[in-house]
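# Residue-level structure breakdown
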2 protein chains.
Amino acid sequence: MLKINECINFNERSEFKMDIDFIQRLKKPADTKIVLLVLDGLGGLPRESDNLTELEFADTPNLDYLASRGICGLIQLVGAGITPGSGPGHLSLFGYDPIKYQVGRGVLAALGINFELRPNDVAARGNFCIIDENKYVLDRRAGRISSEKNKELCKLLRDINLPGVDVFVETVKEHRFLLVLRGEGLSGNLIDTDPQEIGKKPYHPKAFSPEAEKTANLIKLFIDRAYEILRDQNPANMVLMRGFSQKPDLPSFKENFGIKSAAIAAYPMYRGIAKLLGMHILETEKKIENEFTTLEDNWNDFDFFYLHIKECDSAGEDGDFHRKVASIEEVDRQIPRLINLNPDCIIITGDHSTPSLLKYHSWHPVPALLMSKYCRSDNVKRFGERSCMTGGLGPRFPAVDLMPLALANVNRLEKFGA
Amino acid sequence: MLKINECINFNERSEFKMDIDFIQRLKKPADTKIVLLVLDGLGGLPRESDNLTELEFADTPNLDYLASRGICGLIQLVGAGITPGSGPGHLSLFGYDPIKYQVGRGVLAALGINFELRPNDVAARGNFCIIDENKYVLDRRAGRISSEKNKELCKLLRDINLPGVDVFVETVKEHRFLLVLRGEGLSGNLIDTDPQEIGKKPYHPKAFSPEAEKTANLIKLFIDRAYEILRDQNPANMVLMRGFSQKPDLPSFKENFGIKSAAIAAYPMYRGIAKLLGMHILETEKKIENEFTTLEDNWNDFDFFYLHIKECDSAGEDGDFHRKVASIEEVDRQIPRLINLNPDCIIITGDHSTPSLLKYHSWHPVPALLMSKYCRSDNVKRFGERSCMTGGLGPRFPAVDLMPLALANVNRLEKFGA
């Protein structure tokens, strides 16, 4: 039916990329180590006064040293113009196509508070909200009630019993909570009840497919009971639910890359994502230098370390240029400790940009460097947004390709084909 | 069934490229404006005397100013080595995968002469040609007969009546004409009758699928009658038909990007492509400065303006280096008027290269600049082929990603994932 140039073709997809199965089949063992150091929200935008980004302004002799010895570029986590959430950003860094492998919002909420999800659980993100007497939404976040207030309300909601399943209601932060149903025959394939706009009524729970009917009915019961319990509360008097989802069955990091991996992250969300991929989670403390100590202490036991630094993102989200600079400089001061461990390959990058100018995640590609004995260094001498643009990885390197590249650099990938 | 950000999707194929549905689901409203200025055939090749392309030779202080403030690169419309026609080139600029969404040659011919196609019409491109007494093709273009001669022949062919359908025969240019059948139950799924070589006989109309049988029979009748009418004409004595096709059902620009769009183009083909996507077509006059006046006059009424300048391509096709330079300089002189409107995002590029050295469309990637307050400017200071190679968009930026990038820059895309 298709005549090229002549017909319209709406069904075929254009496919280009190496998928993860392809890499899986090329993996081979080696006695070599990789460190992936993620500065959350690393990328920035130039401020007006001196046209410098946070990273460009920062004094980073050690990162610059690695950049000058390594191969640099800017990485694209999802695609041009796409602002990655932390989930997709990290999956991409770990070599998982973030459009193919999506982790639901409910699951991420559970990961974020260290709630131990079981394979059949259905998790959802809840908002405490305000509705009027006719059930129209007045405020989707109930004026961002305090986490303390949230805890009181969660306690009330724990009185709800549903037939045949266990119900967990947990405080996340401010107006946000986690709902988990545990039992047999559940599915996350439901619509959100959150209408995403004020002036609308919450949607009724509805299944997208027959296997989710049971869950939809249970959620309906939950919401009706929640309304009875909350209706006389002030200000929050109702709940809105989003992102019903189950723990995804991701191919493990070990399965994909044949590598014994460990995660060092102070925040639960990032430990949670690493755990989804089967990484070993190392206990660590919040300070940056402590995370590097954890790395040193466990150096002999793993082949791959994911080291997550949250501070740059938090400073960016607060719009604090200088705090972001300071957090980058603090990481820079720890770099000699990393170099002293003599890893076979170091990658330093971020999971997305968080320019302090925007105070939020952004779509801009993120500076990245990869250093190994065999990386074929480029001419970049400085680790920064504009300097990395001209590096050997190019200005739009797909983040999902970093893992295969790192594996190659540490002799962990077979030749493809004869 | 897929809820973006919420569900896990393991069944889909690994698709690296973001498809248009993905962008659709991330769109959000904002009170911001984008201008896409297309200099048709912008890209060139260096001439021997001074090794400069038309754009490199041209004096373009205003384009250079935008380049120095923006992010630059070379865009690839379809793929490496692929020379885009105007249809695919524009679809790609508009964010539509030009391989997935193909517009038939017959439909493009109709758009090019402003013929108003209805949804069930079947359109085809015809050539007046010369065949010998045994029906072997001697000249597929009948020596490129004049458009005047073409009009005479079309008038003769309009005597043809076919059962149950209306028949339209319209002059395009020289040996080229448009045939449209209008009626029920038609399909464009036929082989071309044009054998594409001399010394062969025209192919018999044949359906690729059962629903096109009726159309094939009607075309057979048309061709038999056309031969009876033309056989004693000189030089053209037969017709060859190509690109049977129907108006494609493309997702609209509004549907994809949530943006109120207008097209300013002096030539029917470009208005036609914009119309296919549901853009509002603004009346304009042929001179470059008049097109900018149209932009100014309608500034308040739309969020997105596509402004098409034909002159660079025409000069390139004539092999006229200096006329192409002059047309670029003429556009440059109008740029301050564009800047004065204070758009939130400006994109300036072309739909393909037309080097005056080659006198035809070429496969070379095309200089592009994107300017917005948040574009993260690169180090490019000059708008030209070689200067853009080192820009932040890179030397092979997929044109299809320009729209998502522009939307991000004007705050019209949601974050992907939590």
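Our structure's up above, just so we're on the same page.
So, here's what we can say about the structure. (Residues numbered from 1 in each chain as written. Chains lettered and ligands numbered in written order. Predicted model: local features only at pLDDT ≥ 70, side-chain atom pairs only at ≥ 80, totals over all residues. Heavy atoms only, no water.)

## Remarks on a nonpolar patch on the surface
Our working rule: Like-charged residues are merged into a patch within 9 Å and nonpolar side chains (Val, Leu, Ile, Met, Phe, Trp, Tyr) within 5 Å, provided each residue has over 30% relative accessible area and no salt bridge. Here the open area of atoms and residues is found with the Shrake-Rupley method and a 1.4 Å probe, where only the protein chains shown may cover a residue. We define a salt bridge as a side-chain nitrogen of Lys or Arg found within 4 Å of a carboxyl oxygen belonging to Asp or Glu. Only protein chains enter the accessibility calculation, which uses a 1.4 Å probe. A residue is then buried if its area is under 20% of the maximum for its type, exposed if over 50%, and partly exposed in between.
A surface patch of nonpolar side chains, about 310 Å² in accessible area, is lined by B:Leu357, B:Leu358 and B:Trp363. B:Leu357 gets classed as exposed once you look at its relative accessible area, which sits at 56%.

## Examining the sheet that holds strand E12 (residues 366-372) of chain B
Residue and element names in this part refer to chain B. Let me state the cut-off plainly: Whether two strands pair comes down to DSSP finding at least two bridges between them. Numbering of helices and strands runs from the N terminus, with a helix taken as a DSSP run of H or I at least four residues long and a strand as a DSSP run of E at least two residues long. Geometry is summarised by axes, namely lines fitted to C-alpha atoms with helices restricted to the contacting stretch, and by angles between N-to-C directions that run from 0 to 180 degrees. Two residues qualify as a contact provided that any one of their heavy atoms is within 4.5 Å of a heavy atom in the partner residue.
Read across the open sheet, the 8 strands follow the order E9-E8-E10-E1-E11-E12-E2-E13; overall the sheet is mixed. Whereas interior strands pair on both sides, the edge strands pair on one side only; in this sheet they are strand E9 (280-282) and strand E13 (394-398). For this sheet, the mean angle separating the axes of adjacent strands, direction not counted, is 25 degrees. Of the strand pairs in this sheet, strand E2 (residues 71-76) and E12 are connected by 5 bridges, and their pairing is antiparallel. When the sheet's bridge partners are listed, Ile 75 is paired in E12 with Val 366. In this fold helix H3 (residues 61-69) packs onto E2, strand E11 (345-349) and E12, with an angle of close to 65 degrees to the strand it touches most, E12. Its contacts with the sheet place helix H4 (residues 86-93) against strand E1 (34-39), E2, strand E10 (304-309) and E11, and it is angled at close to 155 degrees to E1.

## Things to note about the pairing of strand E1 (residues 34-39) of chain A
For a regular strand, the rule is simple: side chains alternate between the two faces of the sheet. All names here are of chain A. Burial within E1 is extensive, with 6 of its 6 residues counted as buried. Here E1 shows a buried face lined by Ile 34, Leu 36 and Val 38 and a second buried face lined by Val 35, Leu 37 and Leu 39. Summarising the sheet, E1 and strand E10 (residues 304-309) pair through 6 bridges and their orientation is parallel. Within the sheet, the bridge partner assigned to Leu 36 lies in E10 and is Tyr 306. Looking at chain direction, E1 and strand E11 (residues 345-349) are connected through 5 bridges and run parallel. From the neighbouring strand, Val 35 faces E11, where its bridge partner is Ile 346.

## Notes on the packing of aromatic side chains
Threshold: Here a Phe, Tyr or Trp ring, Trp counted by its six-membered ring, pairs with any other such ring whose centre lies within 6.5 Å, and the pair is stacked when the planes are under 30 degrees apart, edge-to-face when over 60, and tilted otherwise. For a lysine, the NZ atom is tested; for an arginine, the CZ atom; a charge sits over a ring if that atom is within 6 Å of the ring centre and within 35 degrees of the ring normal.
Evaluated as defined, the whole model comprises 22 aromatic pairs over all chains. Relative to A:Tyr306, the ring of A:Phe94 lies with its centre 4.9 Å away and its plane at 85 degrees, an arrangement referred to as edge-to-face. With A:Phe94 in the loop between helix H4 (86-93) and helix H5 (105-112) and A:Tyr306 in strand E10, the pair connects residues that are 212 residues apart, well separated along the chain. In this structure, A:Phe94 and A:Tyr306 share a single accessibility class: buried. Judged by centre distance (4.9 Å) and plane angle (80 degrees), the ring pair of B:Phe253 and B:Phe257 falls under edge-to-face. Placement of the pair is B:Phe253 and B:Phe257 together in helix H8 (residues 253-257), with a separation of 4 residues, close to one helical turn. Each member of the pair, B:Phe253 as well as B:Phe257, carries the same accessibility label: buried. Following the ring pairs from residue to residue traces out a cluster consisting of A:Phe94, A:Phe253, A:Phe257, A:Phe304 and A:Tyr306. Above the ring of B:Trp299, the side-chain terminus of B:Lys33 is found at 5.5 Å from the ring centroid. In this structure, B:Lys201 is placed above the aromatic ring of B:Tyr136, and the distance from its NZ or CZ to the ring centre is 5.4 Å.

## Remarks on the layout of surface pockets
Residues and elements named next belong to chain B. How we decide: Residues are said to line a cavity or pocket when one of their atoms sits within 4 Å of a point; the points come from a 1 Å grid over protein atoms alone, cavities being sets where a 1.4 Å probe fits but cannot get out and pockets being open sets with protein on both sides within 12 Å along at least five of seven lines. Grid points are joined across faces, edges and corners, and a volume is the space filled by probe spheres set on the points. We call Asp, Glu, Lys and Arg charged. Ala, Val, Leu, Ile, Met, Phe, Trp, Tyr, Cys and Pro are nonpolar, and the rest, Gly among them, are polar.
By volume, the second largest pocket amounts to about 1800 Å³. In terms of lining, the second largest pocket is formed by 43 residues, of which the most central are Ser 86, Arg 125, Met 269, Tyr 360 and His 361. Looking at side-chain class alone, the lining of the second largest pocket contains 19 nonpolar, 12 polar and 12 charged residues.

## Some remarks on the state of the cysteines
Where we set the bar: Whenever a pair of cysteine sulfur atoms sits within 2.5 Å, that pair is classed as a disulfide.
Under the criterion given, the structure shown has 0 disulfides over all chains. We note that A:Cys345 lacks a disulfide partner, and the nearest cysteine sulfur, in A:Cys375, lies 8.0 Å from it. Left unpaired, B:Cys312 is separated from the closest cysteine sulfur, that of B:Cys388, by 15 Å.

## Regarding unusual backbone geometry
For the bond from A:Asn234 to A:Pro235, the omega torsion is 0 degrees, close enough to zero to count as cis. Examined against the element boundaries, A:Pro235 turns out to sit in the loop between helix H7 (213-230) and strand E7 (238-245). Although it is not a glycine, B:Gln196 sits at a positive phi angle of roughly 70 degrees. The residue B:Gln196 is located in the loop between strand E6 (176-182) and helix H7 (213-230) in this model. What makes B:Gln196 partly exposed here is its relative accessible area of 40%. You will see that B:Asn411, though not glycine, has its phi angle at about 65 degrees, which is positive. Looking at the element boundaries, B:Asn411 is found in the segment after helix H14 (402-409).

## Things to note about the side chain of B:Thr354
Checked against the element boundaries, B:Thr354 lands in the loop between E11 and E12. The exposure class of B:Thr354 is buried, given its relative accessible area of 0%.

## Regarding the environment of B:Ile145
Residue and element names in this part refer to chain B. Considering the arrangement of structural elements, one finds Ile 145 in the loop between strand E4 (137-139) and helix H6 (147-157). Residues Ile 145 and Glu 174, spaced 29 residues apart in sequence, show a C-alpha to C-alpha distance of 5.3 Å. When near neighbours in sequence (up to four residues on either side) are disregarded, Ile 145 contacts Phe 128, Asn 150, Leu 153, Glu 174, His 175, Pro 235 and Ala 236.

The quantities given are spatial measurements derived from coordinates; they are silent on function.
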